[in-house]
Every structure is written in C-alpha cells, then in structure tokens.
There are 2 protein chains.
Amino acid sequence: MSQTGALRETRQRVVLLDELRRTKSHPTADELYQLVKRRLPRISLATVYRNLELLSRRGIIRKLDLGGGQRRFDADNTSHHHVRCIRCGRVDDVAGELPISVEQAFSDKHGYQITGYRLELVGVCPQCQSE
Amino acid sequence: MSQTGALRETRQRVVLLDELRRTKSHPTADELYQLVKRRLPRISLATVYRNLELLSRRGIIRKLDLGGGQRRFDADNTSHHHVRCIRCGRVDDVAGELPISVEQAFSDKHGYQITGYRLELVGVCPQCQSE
DNA sequence: GTAATTGCAAAAATTTTGCAGCATT
DNA sequence: AATGCTGCAAAATTTTTGCAATTAC
C-alpha cells in the first residue's frame, strides 16, 4: 500500500467516499461494500477495505471502534462524538466539544503526551425509550 | 450459553478471573488464554471466549473496544477511563472523572437518555516518546 | 441427578495480502 | 511511461458454535 504517493481519483474511491458521505449512520466495511456494489457491481471487498484504511490514515475519514466487533467508518471530520444506545446498538453523532480541557483534567494521571480524545456517550435512544 | 442459571466456580473460570485481575493491562482473549494456559494447560480458547462473554454480560468484567481490531477485557469495574498509544497500541488506565457533567454538556444535542460515558484519550506513551 | 461447563474440532466472520493486469496522472 | 490501484483468490485473524463428555452444585 502506498504511503507517500498522491491519491488517485479512481471510480471506486470516488463512489466509496460519496456513499460514505451520504450515509448518516456509521457503516461497517461490508455495509459500505453493499452500497457501493449497487453502483460498481464489480468492486471487490478488498478494495473497500484498502480504501477505508488508506483514507483514514490520511485523515480523510474516521475509523471507529465503537464496540460490537466490526469497525465502523465515518466521513465526518468535524469535531463530534458519538452516542450509543445500550438497547439497540444504534450509534448517533453528538456535535460539539467539552467546555474544558480534557488534556488538563487528566494531565497528572499518566505520562502520555495527549493528542486527542474520543468520547462515547452511552444511553437509551428516543425510540427505545418509548417502548 | 446459560442466560439465567447460577454461575459455577469452575477451575477455568476462577483462574481466568484471577489472571485478569492480577494483570494491570487490558489483555485480549488470546493473551489471557496464554496466561491461563500456564496454570491450566488443557484449557481451550473457546472456554476463554465463552467465559469472557458471560462475565461481561453479568457485569463482572468489562469488555472494551478500544480500537485495533481485537477486543480487550478489564476486571476493574471502578470508574476509570483509558489512554491509548497511537504508536504502539498500548492501553493504560486513567483514574478519575471529568470535573463537569458530561450529560449536561451535550444534553440538548440528542434525544438520548444518557446513562454514562466512555472516554478514551489518545496520545504517545512515555516509552514511545523517548524513541 | 441435573444443568452448567468444558475441550475439541469445525465453521463463521472479519480483515489482510500476493500478484498480474488495468487505469489515472 | 510510471506508479498507484483493482479484482480475484487465498490466507490470516478473531470469534462463535455443535456436541459428547465432564463437573459443580
């Protein structure tokens, strides 16, 4: 896999990104594969994996590990976090940032040089609440 | 797999829990399997998986999905979060809580009834910093 | 004795990789 | 033309499952 060269605009990559961006959810590699396949029937799952890996390494998309075994992907790079429903497993976005410095809050608790953080809220989604 | 019956104190389960509790890190199922195997050479990996699943469903241990593909497990149920090194993948604990109400900070951003949150700091661990 | 649990082996599920040919720049 | 990318197939990894035998209660 290329580490330094320029990214090319292949049909596969363009369609993949387009599908990922038009999806509000956070699809797994296979879900994305199914979506893209409708437009490019000959695409292979390996290409989907390779592109997701490449794109997330370049910071163009985000790779999520939200629980549940499979990884999920997210084209939204704006600052946001996630809420996960403990009942149905659904994952939604939460806009915004914490009003304090997370780095500072834990600065003396470890020797790490903190570069960022991921916040996952856990709760019950509206749908599951009304059941 | 049993859903309702009482848990039995099998040697496998006891040793598994003991090893998990005496480990400061957050081992994967396979790492735990290797540890337990030294004391119970005939244990099978399937038993490790089954017990980890069962114990986390009962809330006795925690199943983590911290990124990196494999799931990790944690016997510590006290309130703490995690830091992950982006270089080597190592995961450490971070004691404490945020000094603000996370629920409130995002209260108007979603319809969820928030029950908790998981925070994952990302950065470079001391060892990798000195390289 | 009964029901939970185990080991083994096989299967399922998910992700990665080698390679020859193709496509974007 | 050069090199990044793709499809395919095979391999590697991780997790789950069926089943007969065993074990804790």
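Since this is a predicted model, take the numbers as computed values, not measurements.

Scoring rules and cut-offs
- Residues numbered from 1 in each chain as written.
- Chains lettered and ligands numbered in written order.
- Predicted model: local features only at pLDDT ≥ 70, side-chain atom pairs only at ≥ 80, totals over all residues.
- Heavy atoms only, no water.
- Axes fitted to C-alpha atoms, helices over the stretch in contact; angles between N-to-C directions.
- Helix = DSSP H or I, 4+ residues; strand = E, 2+ residues; numbered from the N terminus.
- Parallel < 35°, antiparallel > 145°, perpendicular 65-115°, else oblique.
- Contact = heavy atoms within 4.5 Å.
- Nonpolar A, V, L, I, M, F, W, Y, C, P; charged D, E, K, R; others polar.
- Buried < 20%, exposed > 50% of the residue type's maximum accessible area, 1.4 Å probe, protein only.
- Pairing = 2+ DSSP bridges.
- Expected span 1.5 Å × (residues − 1).
- Left-handed = near helix turned anticlockwise from the far one by under 90°.

Here we take up the packing of helix α1 (residues 11-22) of chain B against helix α3 (residues 45-57) of chain B. When two helices pack together, their arrangement is given by the angle between the helix axes and by the axis-to-axis distance. Residue and element names in this part refer to chain B. Where α1 meets α3, the axes come as close as 11 Å, and the angle between the chain directions of the two elements is 70 degrees. With respect to α3, the axis of α1 lies roughly perpendicular. Between α1 and α3, the residues in contact are Q12, R13, L16, L17 and L20 and T47, V48, N51, L52, L54 and L55, respectively. Split into classes, the residues belonging to the contact of α1 with α3 amount to seven nonpolar, three polar and one charged.

Residues and elements named next belong to chain B. Among the six residues of strand β3 (residues 80-85), six are classified as buried, and the element is accordingly described as predominantly covered. Burial of β3 is two-sided: the residues H80, H82 and R84 facing one way and the residues H81, V83 and C85 facing the other way are all buried. Pairing of β3 with strand β4 (residues 91-95), which is carried by five bridges, proceeds in the antiparallel orientation. Its bridge partner lying in β4, H81 is registered against V94. Sheet topology note: the β3/strand β5 (residues 113-124) ladder contains four bridges and is parallel. Within the sheet, the bridge partner assigned to C85 lies in β5 and is G123.

Residues and elements named next belong to chain B. With 12 residues, α1 ought to run about 16 Å at 1.5 Å a step, and its terminal C-alpha atoms sit 16 Å apart, in line with that. Within the span of α1, buried status applies to R13, V15, L16, L17, E19 and L20. Where the residues of α1 are buried, they touch α2 (29-39), α3 and β2 (72-74).

The next thing to look at is the environment of Q127(B). The residue Q127(B) is located in helix α5 (residues 126-129) in this model. Each C-alpha atom, one on Q127(B) and one on C85(B), is 9.7 Å from the other, the two residues being 42 residues apart in sequence.

Bringing the packing of helix α2 (residues 29-39) of chain A against helix α3 (residues 45-57) of chain A into the picture now. All names here are of chain A. Following both chains from N to C, one finds α2 and α3 inclined at 120 degrees, their axes separated by 9 Å at the closest point. Classified by the interaxial angle, the pair formed by α2 and α3 is oblique. Here α2 and α3 pass one another in a crossing that is right-handed. Along its contact with α2, which presents A29, D30, L32 and Y33, the element α3 presents L45, V48, Y49 and L52. When the residues that make up the contact of α2 with α3 are grouped by side-chain class, the tally is seven nonpolar, no polar and one charged.

Moving on to the side chain of S56(B). All names here are of chain B. Here S56 shows up in helix α3. Given the relative accessible area of 18%, S56 is considered buried. Discounting residues that sit within four places of it in the chain, S56 has contacts with I61 and K63.

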